[in-house]
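# Coordinate analysis (summary)
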2 protein chains.
Amino acid sequence: MKVLVIGGVAAGTKVAAKLKRESRETEVLILTKSEDISYAGCGLPYYVGDVIHERSQLIVNTPEKFAKLTGAEVETGIEVTGLDREGRKVTAKDLKSGETKEYTYDKLVIATGASPVVPPLPGLDMKNVFMMRTPDDAEALRKAAESGTIKRAVIAGGGFIGLEVAENLQSRGIRTTVLDMLPHIMPGFDPEMAEFVEDHLADQGIMTLLDTKLEGVEGDGTVEKVKTSRRAIKADALVLSLGIRANTAFLADTGIELAPNRTVLVDDHMRTNDENIYALGDCSMITNRMTHARAWSPMGSSANIEGRIAAQNIAGADVSYPGVLGTGVVKLPGLNAGRTGLTEQVAKEAGHDVVSVVAVVDDKAHYYPGADSFLVKMIADKTTGEFLGIQVLGKGAVDKMVDIAVVALSMKATVQQLEHLDFAYAPPFSTAIHPFAHCINILLNKMSGSLDTFTPVEFAEGKAEGYKVIDASLKPTLEGVEFMNLEEIDGEVEGHPKDEKMLLVCAKGKRAYMLQNRLRYYGYTNTKVLEGGSTFNGEDLTED
Amino acid sequence: MKVLVIGGVAAGTKVAAKLKRESRETEVLILTKSEDISYAGCGLPYYVGDVIHERSQLIVNTPEKFAKLTGAEVETGIEVTGLDREGRKVTAKDLKSGETKEYTYDKLVIATGASPVVPPLPGLDMKNVFMMRTPDDAEALRKAAESGTIKRAVIAGGGFIGLEVAENLQSRGIRTTVLDMLPHIMPGFDPEMAEFVEDHLADQGIMTLLDTKLEGVEGDGTVEKVKTSRRAIKADALVLSLGIRANTAFLADTGIELAPNRTVLVDDHMRTNDENIYALGDCSMITNRMTHARAWSPMGSSANIEGRIAAQNIAGADVSYPGVLGTGVVKLPGLNAGRTGLTEQVAKEAGHDVVSVVAVVDDKAHYYPGADSFLVKMIADKTTGEFLGIQVLGKGAVDKMVDIAVVALSMKATVQQLEHLDFAYAPPFSTAIHPFAHCINILLNKMSGSLDTFTPVEFAEGKAEGYKVIDASLKPTLEGVEFMNLEEIDGEVEGHPKDEKMLLVCAKGKRAYMLQNRLRYYGYTNTKVLEGGSTFNGEDLTED
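Residues numbered from 1 in each chain as written. Chains lettered and ligands numbered in written order. Predicted model: local features only at pLDDT ≥ 70, side-chain atom pairs only at ≥ 80, totals over all residues.

## Thoughts on the overall build of chain A
Within chain A one finds 13 helices and 33 strands. In terms of overall size, chain A behaves like a compact globule, its C-alpha atoms giving a radius of gyration of 26 Å where 544 residues would be expected to give roughly 24 Å. If one aligns the C-alpha atoms of chain A with their principal axes, the spans along those axes are about 90 × 60 × 40 Å. Burial status across chain A gives 56% buried among its 544 residues. A fraction of 65% describes how many contacts in chain A between residues 6 or more apart in sequence connect residues 24 or more apart. (Helix = DSSP H or I, 4+ residues; strand = E, 2+ residues; numbered from the N terminus. Rg over C-alpha atoms; globule rule 2.2 N^0.38 Å. Buried ≥ 20, exposed ≤ 12 C-beta atoms within 10 Å, placed from the backbone. Contact = placed C-beta atoms within 7 Å.)

As structure tokens, then:
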């Protein structure tokens, strides 16, 4: 059997290597347009910031080494331009010689990846307009940053890669602005979580311009100004991080089914609508494990799983891909962010009876050096109890919180099943009540009615209008707000009618919860706790 | 209703606080022998090492503050000495006045904790014999360490607390030896994992003396020598960390059912055999979530869960505790260790058809600063596929690996269900093939037969006798061992008959797996991969 793989980065090399292990008698040939194969795309921003010092560290394998190691053959500098399904062959252009070549196959694997979106705007061909997709891209930006000529940079696009580039430029002393045409950065996060990150980045000196479209670049051959739908920004460099588009132009008119975004539709065996053709990695459209809706997961992690599955299936096994959860994690300056599962918005669209909670919990024993908070949003179905998703921000191990949720979601756990778990605890790692368990407890309290709250979104929407804000902190903390000392409440509180609407606010939410519990006992019927307290919502609670 | 709680550290304060929130009309009185309540027992070793600077950081609450905060009353300095179940009252001694007092109850909660085991050996009353159970204990050891008079210390007992004390004394420049009467330190780990830790600690200057019994102390009022069943050790201090014993002497002859180790037997509602009496925390005997056998979990994390459950049940709810997994995590110098679920030994005793694998995998992208290895042992049932347990060593986030396994075990996942999970990946946090997923893949390869190995235990037992060791590393690495370059193998290998027994060894196991795969294709029928490679088994593979 002859298997042709188009593309040689994560998905292409994985499927080839695994296939040769499964079935060495299978001929496997990788065709790749570039000269590099198997590079660490996710590491590029860190090479820009000199967190990774050597370009060679980004290269997992050379074509020669890879071929020897695996037994797959590799031809570089070959761009596939056409597909003849009936004849089971592809046409390609040899980029060195200019020749047209043909390659036949028994099975074809499309792993052509994706390319950065470059909109047709004026000035994008100028010097100091960068992308972040290949080692060459990273090299170019790094050199420019090191030359000292870039004082200010604009990143167009507030996805994970854009934000990682922003962090790495900022760490080199370059003033960085991130613009996004959407109302928020951080796709995959609910708006209030993204907004917290935006505020945090502003505190760190990285400004975000939202609802703002890139309109072009001005300059005398080199970037001097970045034009946007709002205003022009003085800048010496522009990094385009506007997303990627699947490299599937050569599939036009072949009858291979594509999604509206031009990715290749595959079934759970990674097969296209042609049983001899598979597609995987950034150019393929898979499904969401929870909703079974189509999902695009252009991630190195997905590429590896998909490569393994496709290889097993091509070699004759019968392996199904259950799909992705939309998991992601990103390191930002002084704050990490991670997520998995459904956002509140997606959960509602999927028809769930959504309950969510925003909780601020310790990430390790409060007395242990480096202890900090996790800001967690948990989402569940109120009726079925199904756990639906998590979003976590914090200085610490947000990835741990996310990975715990990944297993819970994959096993279709209910919130109730996630109570009482025997998580790992020692002061350097966690808290006696594990932060994940702690959030589950808070969510359960909310679901049972023993905690009654406004979420940060409800608060921002004005649902707390007419509520008297009460400072429930350990000591008076919120300016211009009445302080109520939990420790002294042992009956009716003077000056407060039993039906008074009171919004109880403390630093994190815990003390406000205790105060609500106490006030309820003494007959107060209209209290609400502000989820996330002043840590999440800010200290100025009188404004909007 | 009047609820009497005996004990005021983790379990006692938790049950009281939660109960008052569930039902403030319930009278709750905590009786505690000591003057402190609610201290952070798990933080004590770090106070000794000055990782935690202030004693006050260890105190979660004073009795007065706690009472005000929760509404529970607290009486300190009260030692309960007797129980009258029929009369629903306890007798107690007021340690300040010497008076005998009586306290009645409707419901009684026994949360008396446990005390360090102090064997009746000569010299243990001398100066510089320490324990590690209370803030006073930690204070005493810290002062002695700071005085500069302790150059050498012996820790008796190689459990987590003993090892944490060893690390914290060593960081102060004190030479530390840990002795244990068992064949290995680190209870709850399989022997080969514990042995790896022992070797690592020796490299760090902490010696372990195993199969060695403490026999006493010699000195002129102050410790000078620690006598053991092997030899006497010159030392200026001895820390007793020989385990703890439940504080249940006052229950003798009351008919309350105790386990052989004197802990109180409780049902899944945390109730003893007397329906009005609950027991929780270190003094109680619960069950293992997987085997349903009795399990003792004297941990702050369990205490909190148990307190919550008992409070809910006393307040009228019907909440069951599914039990513990035996989860634990410990920070050691340059190596963390964590575990959950069944060890190989316990899994075998429980009747499982055990398959295990020892794998060495990257903990984050290999090119990201601080990347290191996880040394992982995974245990499963070959027949049912049930995932049974994990043990992890490494510089990095072993707690993450353990917590992932905690959810998997609690949801009764099979190894097959744990394949293809969409874990969080970005280079600062993880690898594109997540370390947990990577280990699952290796285990599945072993279960399917596509990987054929000797485990480190099989190797140590001599199962590889008669096998020719082959160095499968990237380049020749193992001294005196024939090197076989995977990249050059493209057919029969000269000098090696097809049925030759060959043990393939590389640094971590991955390249040896690839070599095995290749050799099998060319007809070699008797190869074995050494799990964990030279990283786990050491480079000298000719010895023993």
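## Some words on helix H6 (residues 191-203) of chain B
Two residues of an α-helix separated by three or four positions point the same way, owing to the 3.6 residues in each turn. Residue and element names in this part refer to chain B. The end-to-end C-alpha distance of H6 is 18 Å, a good match for the 18 Å that 13 residues give at a rise of 1.5 Å each. Where H6 is concerned, the buried positions are Glu-192, Met-193, Ala-194, Glu-195, Phe-196, Val-197, Glu-198 and Leu-201. The first or second residue beyond H6 is Gly-205, which carries a positive phi of 90 degrees. (Expected span 1.5 Å × (residues − 1).)

## Here's the deal with the environment of A:Phe130
All names here are of chain A. Topologically, Phe-130 is positioned in strand E11 (residues 129-130). The exposure class assigned to Phe-130 is buried, which follows from the 25 C-beta atoms found within 10 Å. Sequence separation between Phe-130 and Val-165 is 35 residues, and the spatial gap between their C-alpha atoms is 11 Å. When sequence neighbours within four positions are dropped, the list of residues in contact with Phe-130 reads Asp-137, Ala-140, Leu-141, Ala-237, Val-239 and Leu-240.

## A word on the domain arrangement of chain A
Frequently, the measure chosen for interface size is the accessible area removed from exposure when the parts meet. Examined at the domain level, chain A breaks down into domain 1 (2-114 + 245-314), domain 2 (129-242), domain 3 (328-448) and domain 4 (453-537). One C-alpha centre belongs to domain 1 of chain A, the other to domain 4 of chain A; they are set 56 Å apart. (Domains from an automatic or database assignment.)

## Remarks on the packing of helix H9 (residues 398-410) of chain A against helix H9 (residues 398-410) of chain B
Interhelical geometry of H9(A) versus H9(B) gives an angle of 20 degrees and a closest axis separation of 8 Å. As the angle between them shows, H9(A) and H9(B) are arranged roughly parallel. Every pair of crossing elements has a handedness; the one defined by H9(A) and H9(B) is right-handed. Taken together, the residues of H9(B) that come into contact with H9(A) (itself represented by A:Asp399, A:Lys400, A:Asp403, A:Ile404, A:Val407 and A:Ala408) are B:Asp399, B:Lys400, B:Asp403, B:Ile404, B:Val407 and B:Ala408. Of the residues assigned to the contact of H9(A) with H9(B), the class counts are six nonpolar, no polar and six charged. (Axes fitted to C-alpha atoms, helices over the stretch in contact; angles between N-to-C directions. Parallel < 35°, antiparallel > 145°, perpendicular 65-115°, else oblique. Left-handed = near helix turned anticlockwise from the far one by under 90°. Nonpolar A, V, L, I, M, F, W, Y, C, P; charged D, E, K, R; others polar.)

## Some thoughts on the interface of chain A and chain B
Taken together, the contacts link 65 residues of chain A with 65 residues of chain B. Sort the elements by how many residues they give to the side of chain A that touches chain B and H9(A) lands first, with nine residues. Looking at the side of chain A that touches chain B, its residues break down into 40 nonpolar, 15 polar and 10 charged.

## So, the relation of the copies chain A and chain B
When chain A is fitted onto chain B, the two copies agree to an RMSD of 0.1 Å after a turn of 180 degrees and an axial shift of 0.0 Å. Between the two chains, the operation in question is that of a two-fold axis. Both copies present the same face, since 100% of the interface residues in chain A are matched by interface residues at the equivalent positions in chain B. (Least-squares fit on C-alpha atoms with pLDDT ≥ 70 in both.)

## Considerations on the sheet that holds strand E1 (residues 2-6) of chain B
The strands making up a sheet are joined through hydrogen bonds of the backbone, oriented either antiparallel or parallel. All names here are of chain B. One open sheet holds the five strands; their spatial order is E5-E2-E1-E9-E21, and the pairing between them is parallel. Every other strand in the sheet has two partners, leaving strand E5 (73-76) and strand E21 (277-279) as the edge strands with one partner each. Taking the axes of each pair of neighbouring strands and ignoring which way they run, one obtains an average angle of 20 degrees across the sheet. (Pairing = 2+ DSSP bridges.)

## Comments concerning unusual backbone geometry
Residues and elements named next belong to chain B. Located in the positive-phi region is Asp-211, a residue other than glycine, with phi close to 50 degrees. With respect to the element layout, Asp-211 can be found in the loop between strand E14 (207-209) and strand E15 (214-218). One non-glycine residue, Met-270, adopts positive backbone phi at about 70 degrees. Looking at where Met-270 falls in the secondary structure, it is placed in the loop between strand E20 (264-265) and E21. The exposure class of Met-270 is buried, given the 30 C-beta atoms found within 10 Å.

## Quick word on the environment of A:Lys107
Structurally, the position occupied by A:Lys107 is in strand E9 (residues 107-110). When the 22 C-beta atoms within 10 Å are taken as the criterion, A:Lys107 is described as buried.

## Examining the sheet that holds strand E7 (residues 89-94) of chain A
All names here are of chain A. Across the sheet, which stays open at both edges, the three strands sit in the order E6-E7-E8 with antiparallel pairing between neighbours. In this open sheet, the two strands that pair with only one neighbour each are strand E6 (78-84) and strand E8 (100-104). In this sheet, adjacent strand axes meet at a mean angle of 30 degrees when their direction is disregarded. Bridge analysis of E6 against E7 gives six bridges, and the strand direction is antiparallel. By the bridge assignment for E7, Leu-83 is matched with Val-90.

## Notes on the pairing of strand E16 (residues 225-228) of chain A
Residue and element names in this part refer to chain A. Here four bridges tie strand E15 (residues 214-218) to E16, and the two strands are oriented antiparallel to one another. Bridge assignment links Val-217 to a residue of E16, and that residue is Val-226. Turn length for the E15-E16 hairpin, with the two strands adjacent in sequence and antiparallel, is six residues, and the turn residue Gly-221 shows positive phi of about 90 degrees. Pairing of E16 with strand E17 (residues 232-234), which is carried by three bridges, proceeds in the antiparallel orientation. Across the sheet, Lys-227 pairs through a bridge with Ala-232, a residue of E17. With antiparallel pairing between neighbouring strands as the criterion, E16 and E17 make up a hairpin whose turn holds three residues.

## A word on the UniProt feature "domain: Rhodanese" (unreviewed entry) in chain A
Per the UniProt record, "domain: Rhodanese" (unreviewed entry) is annotated on residues 463-533 of chain A. Note that residues 463-533 of chain A is 18% helix and 20% strand, and that its end C-alpha atoms are spaced 15 Å apart. (UniProt positions renumbered as here; feature names shortened; annotations may be inferred.)

## Notes on the environment of B:His352
Residue and element names in this part refer to chain B. In this fold, His-352 is placed in the loop between helix H8 (344-349) and strand E26 (354-362). Residues His-352 and His-269, spaced 83 residues apart in sequence, show a C-alpha to C-alpha distance of 28 Å. Contacts of His-352, omitting those with residues within four sequence positions, involve Ala-347, Asp-381 and Leu-388.

## A look at helix H5 (residues 160-170) of chain A
Residues and elements named next belong to chain A. Most of H5 sits out of view: 10 of its 11 residues are buried. Those residues of H5 that sit buried are Phe-160, Ile-161, Gly-162, Leu-163, Glu-164, Val-165, Ala-166, Glu-167, Asn-168 and Leu-169. Next to the buried residues of H5 lie helix H2 (44-48), helix H4 (135-146), strand E12 (152-156), strand E13 (175-179), strand E18 (237-240) and strand E24 (328-332).

## Examining the confidence of the model for chain A
Across chain A, the average pLDDT comes to 96, with 99% of residues at 70 or higher. Prediction confidence for the complex, expressed as pTM and ipTM, is 0.97 and 0.96 respectively. (pLDDT = per-residue confidence, 0-100.)

## Quick look at the packing of helix H1 (residues 10-22) of chain A against helix H7 (residues 300-314) of chain A
Residues and elements named next belong to chain A. At their nearest, the axes of H1 and H7 sit 8 Å apart, and the two run at 35 degrees to each other. When you trace H1 past H7, the crossing you get is right-handed. Of the residues in H7, those touching H1 at Ala-10, Ala-11, Lys-14, Val-15, Lys-18, Leu-19 and Glu-22 are Gly-300, Ala-303, Asn-304, Glu-306, Gly-307, Arg-308, Ala-310, Ala-311, Gln-312 and Ile-314. Its residues assigned to classes, the contact of H1 with H7 shows eight nonpolar, four polar and five charged.

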